[in-house]
Amino acid sequence: MAHNILVINPGSTSDDIGYYRGNKAVFEVTVRYSMTDLEPYENQNVTAQLPLRRKLIVDYLLDHKISLKEIDAVIGRGGLLHALEGGVYAVNEKMIKDLTVGKYGNHASNLGGILAKDIAKYAGCPSYIANPVIVDEFEPVARYSGMPENPRISIFHALSQKRVARLIASNRGKLYEDVNCVVCHAGGGVSVGAHRKGRVIDVTNGFEGDGPMTPQRSGSTPGSKLVQMCFSGEYTEREIHLKMRGKGGLVAYTGTSDVKELEEFIATGKKRPGSLITCSRDEAKLALEALIYQLAKAIGEMSVVLEGKVDFVALTGGLMYSKYIPQKLSQYVGWIAPVYVFPGSEEKDALRAAAKRALDNPKIVKQYN
């Protein structure tokens, strides 16, 4: 059955919005906010931005002559909540309360559920979130880190990973719940997950510094040296955090996190005007090879988690727009299972598909408590 679905995916400085009548997009737009737009909300809970973001979404609906009463469902990106299993969740009052006060963290994604509920109230339709970043389907053994005070936790690109895995399984004539696969999402952040019969039983947590390096994140680093750096007096806590996330990874080795620019430099030996690249051509090539090498190691690690019973490997995220990275990764891991490449994040499509599943079969909708 065709449904009219509004999708809202809030980011720190933008909103990714789409409205769909059945499979047809009426509009898809990314609304970007300037520092001037957001300055009045500095040092406030992110939910203070609700009126600003709601107005822009409603304006787009009005511009396209979309009546609120025609909307069948509104779905938002899931925010920071307590650990949940994957799936589609109704936005209820308990969820709104936790998102509004930032009980589990203050992030723009918290606005996804709040905006969905707010607009759905006037539209008279259901509101949902699906597969937020805190999806936790770990097997107990995966939580062991070797340090009881610091267990491994599940934070990853759940929406993107599950969407791509579901698409590939469907294209192979199977259900996501019937396959084993490894999904590598590689963009500004990286997460590599072991999917077993519809559950992500282990995953690298790039948000917390686990797993491969990325264009801006260090990934896992030798612990003893990191402790020495922390207590050396040479770095503040903020500087250490920036080395882990923001100024780590490729940017630390090459001066830039722009992988496309790096690939051009490696291919031609020429830098763009105003380039931030600080290394030689050979150093840039080796740093990029190291990133690919670490991605491949993580894919292999998750294949072991699945005992080698892997139906396919999926490569997704912004880095997969590269012509070189997925090709080289496939050389490393193609022996494990067939490799499929899905550039980008598929997040709007993932949210729309999740809302459609919920409308078609309300029994799958889960409750947050």
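Placed above this text is the structure.
Note that the structure is a prediction, hence the values are computed from the model and not measured.

## Re the overall build of the chain
Point 1. Tallying secondary structure elements over the chain gives 12 helices and 11 strands in all.
Point 2. Relative to a compact globule of 369 residues, whose C-alpha radius of gyration would be 21 Å, the chain shows 21 Å and is just as compact.
Point 3. Across its three principal directions, the C-alpha atoms of the chain cover 60 × 50 × 45 Å.
Point 4. Sorting the 369 residues of the chain into buried and exposed places 50% on the buried side.
Point 5. The contacts of the chain with a sequence gap of at least 6 include a subset with a gap of at least 24, amounting to 67%.
Point 6. Accessible surface, the chain as shown: approximately 18000 Å² in total, 53% of it carbon and sulfur.

## Examining the environment of Val46
Point 1. Relative to the assigned elements, Val46 resides in the loop between helix H1 (35–38) and helix H2 (50–63).
Point 2. Once the C-alpha coordinates of Val46 and Pro222 are considered, the two residues, 176 residues apart in sequence, prove to be 35 Å apart.
Point 3. Discounting chain neighbours no more than four positions away, the residues touching Val46 are Asn106, His107, Ala108, Asn110 and Leu111.

## Side note on the sheet that holds strand S3 (residues 24–32)
Point 1. Taken together, the six strands give an open sheet; going across it, the order is S3-S2-S1-S4-S6-S5, and neighbouring strands pair in mixed fashion. The sheet terminates laterally at S3 and strand S5 (88–90), the two strands that pair on one side only. On average, each strand axis in the sheet is tilted by 20° relative to the strand beside it, whichever way the strands run.
Point 2. Relative to strand S2 (residues 14–21), strand S1 (residues 4–10) is paired through seven bridges, and the arrangement is antiparallel.

## As for the sheet that holds strand S7 (residues 180–186)
Point 1. Reading across the sheet, the five strands line up as S9-S8-S7-S10-S11 and stay open at both edges, with mixed pairing between neighbours. Across the chains shown, the open sheet's two edge strands, defined by having one partner strand only, are strand S9 (199–203) and strand S11 (339–343). Direction aside, the axes of adjacent strands within the sheet are offset by 25° on average.
Point 2. Of the strand pairs in this sheet, strand S8 (residues 190–196) and S9 are connected by four bridges, and their pairing is antiparallel. Within S9, the residue paired with Arg196 across the bridge is Arg199.
Point 3. Packing of helix H5 (residues 158–171) onto the sheet brings it into contact with S7, S8, S9, strand S10 (312–317) and S11, and relative to S10 it is tilted by some 135°.
Point 4. Against the sheet, helix H11 (residues 325–333) engages S10 and S11, with an angle of about 155° to S10.

## Considering empty space enclosed by the protein
Point 1. Scanning the entire structure with this criterion turns up one cavity of 30 Å³ or more.
Point 2. In this structure, the largest cavity spans a volume of roughly 80 Å³.
Point 3. The wall of the largest cavity is formed by Asn131, Leu159, Lys162, Arg163, Arg166, Ala350, Ala353, Ala354 and Arg357.
Point 4. For the lining of the largest cavity, the secondary structure elements donating two or more residues are H5 and helix H12 (347–360).
Point 5. Class assignment for the residues of the lining of the largest cavity results in four nonpolar, one polar and four charged.

## Description of the side chain of Arg352
Point 1. Of note, Arg352 is situated in helix H12.
Point 2. It turns out Arg352 is buried and unbridged, and the closest side chain with the opposite charge, Asp349, is 4.2 Å from it.
Point 3. Looking at Arg352, its side chain comes within polar contact range of the side chain of Asn23, at 3.3 Å.
Point 4. Here Arg352 is in contact with Ile5, Val7, Tyr20, Gly22 and Asn23, once residues within four sequence places are set aside.

## Brief notes about helix H9 (residues 259–268)
Point 1. Residues of H9 that are buried: Val259, Glu261, Leu262, Glu263, Phe265 and Ile266.
Point 2. In this structure, the buried side of H9 is in contact with helix H8 (250–254), helix H10 (281–305) and H11.
Point 3. Sitting at the amino-terminal end of H9 is Asp258, which places a side-chain oxygen 3.1 Å from the backbone nitrogen of Lys260.
Point 4. Phi for Gly269, located one or two positions after H9, is positive at around 80°.

## Observations regarding the layout of surface pockets
Point 1. Quantified by volume, the second largest pocket comes out at close to 580 Å³.
Point 2. Together, 18 residues line the second largest pocket, and Ser145, Asn150, Glu208, Gly209 and Asp210 are the ones closest to its centre.
Point 3. The residue makeup of the lining of the second largest pocket, split by class, is five nonpolar, 10 polar and three charged.

## Digging into the packing of H9 against H10
Point 1. Two elements in contact, H9 and H10, have axes separated by 9 Å at closest approach and are oriented at 130°. On the basis of their axis angle, the class for H9 and H10 is oblique. In this structure, H9 crosses over H10, and the sense of that crossing is left-handed. Contacts from Val259, Leu262, Glu263, Phe265, Ile266, Ala267 and Thr268 in H9 reach Arg281, Ala284, Lys285 and Leu288 in H10.
Point 2. Taken together, the residues of the contact of H9 with H10 break down into seven nonpolar, one polar and three charged.

## A closer look at the pairing of S7
Point 1. Extensive coverage of S7 is indicated by the burial of seven of its seven residues.
Point 2. Residues Asn180, Val182, Cys184 and Ala186 line one face of S7 and the alternating positions Cys181, Val183 and His185 line the opposite face, and both faces are buried.
Point 3. Here S7 pairs with S8 via seven bridges, running antiparallel. Each bridged residue has a counterpart across the sheet, and for Ala186 the counterpart in S8 is Val190.

Parameters and conventions
Here the residue index of a chain counts from 1 through its sequence in written order. The predicted nature of this model means local features are confined to residues of pLDDT at least 70 and side-chain atom pairs, given and counted, to a pLDDT of 80 or more, with totals for whole chains, interfaces and linings taken over all residues. For the side-chain quantities, the full set of heavy atoms in the structure was used; hydrogens and water were omitted. For the purposes of this entry, the term helix denotes a DSSP run of H or I that reaches at least four residues, the term strand denotes a run of E that reaches at least two, and both are numbered from the N terminus. As defined in this context, the radius of gyration uses C-alpha atoms, and a globule is described by 2.2 Å times the residue total to the power 0.38. Per-residue accessibility, obtained with a 1.4 Å probe over protein chains only, is compared with the maximum for each type, and a residue is labelled buried under 20%, exposed over 50%, and partly exposed between these values. By definition, residues are in contact when any of their heavy atoms lie within 4.5 Å. Method for areas: the Shrake-Rupley scheme with a 1.4 Å probe, in which residue coverage is limited to the protein chains shown. One requirement defines pairing of two strands: DSSP has to find at least two bridges between them. Every axis corresponds to a line fitted to the C-alpha atoms, with the helix fit spanning only the stretch in contact, and the corresponding angles, defined between N-to-C directions, vary from 0 to 180 degrees. Cavities and pockets were defined on a 1 Å grid built over protein atoms only: a cavity is a set of grid points that admits a 1.4 Å probe from which the probe cannot escape, a pocket is an open set flanked by protein on both sides within 12 Å along at least five of seven lines, and lining residues are those with an atom within 4 Å of any such point. Grid points are joined across faces, edges and corners, and a volume is the space filled by probe spheres set on the points. The residue classification treats Ala, Val, Leu, Ile, Met, Phe, Trp, Tyr, Cys and Pro as nonpolar and Asp, Glu, Lys and Arg as charged. All others, Gly included, are polar. Think of it this way: Lys and Arg go in the positive column, Asp and Glu in the negative one, and His and the chain ends go nowhere. Salt bridge criterion: a side-chain nitrogen from Lys or Arg within 4 Å of a carboxyl oxygen from Asp or Glu. We define a polar contact as two N or O atoms separated by no more than 3.5 Å, with the added condition that, inside protein, one atom must be a possible hydrogen donor and the other a possible acceptor, whereas residues neighbouring each other in sequence contribute only through side-chain atom pairs. Geometric relationships in this document are graded by angle, where less than 35 degrees denotes roughly parallel, more than 145 denotes roughly antiparallel, 65 to 115 denotes roughly perpendicular, and other angles denote oblique. By convention, the crossing between two helices is left-handed when the near helix turns anticlockwise from the far helix through less than a right angle, and right-handed when the turn is clockwise.

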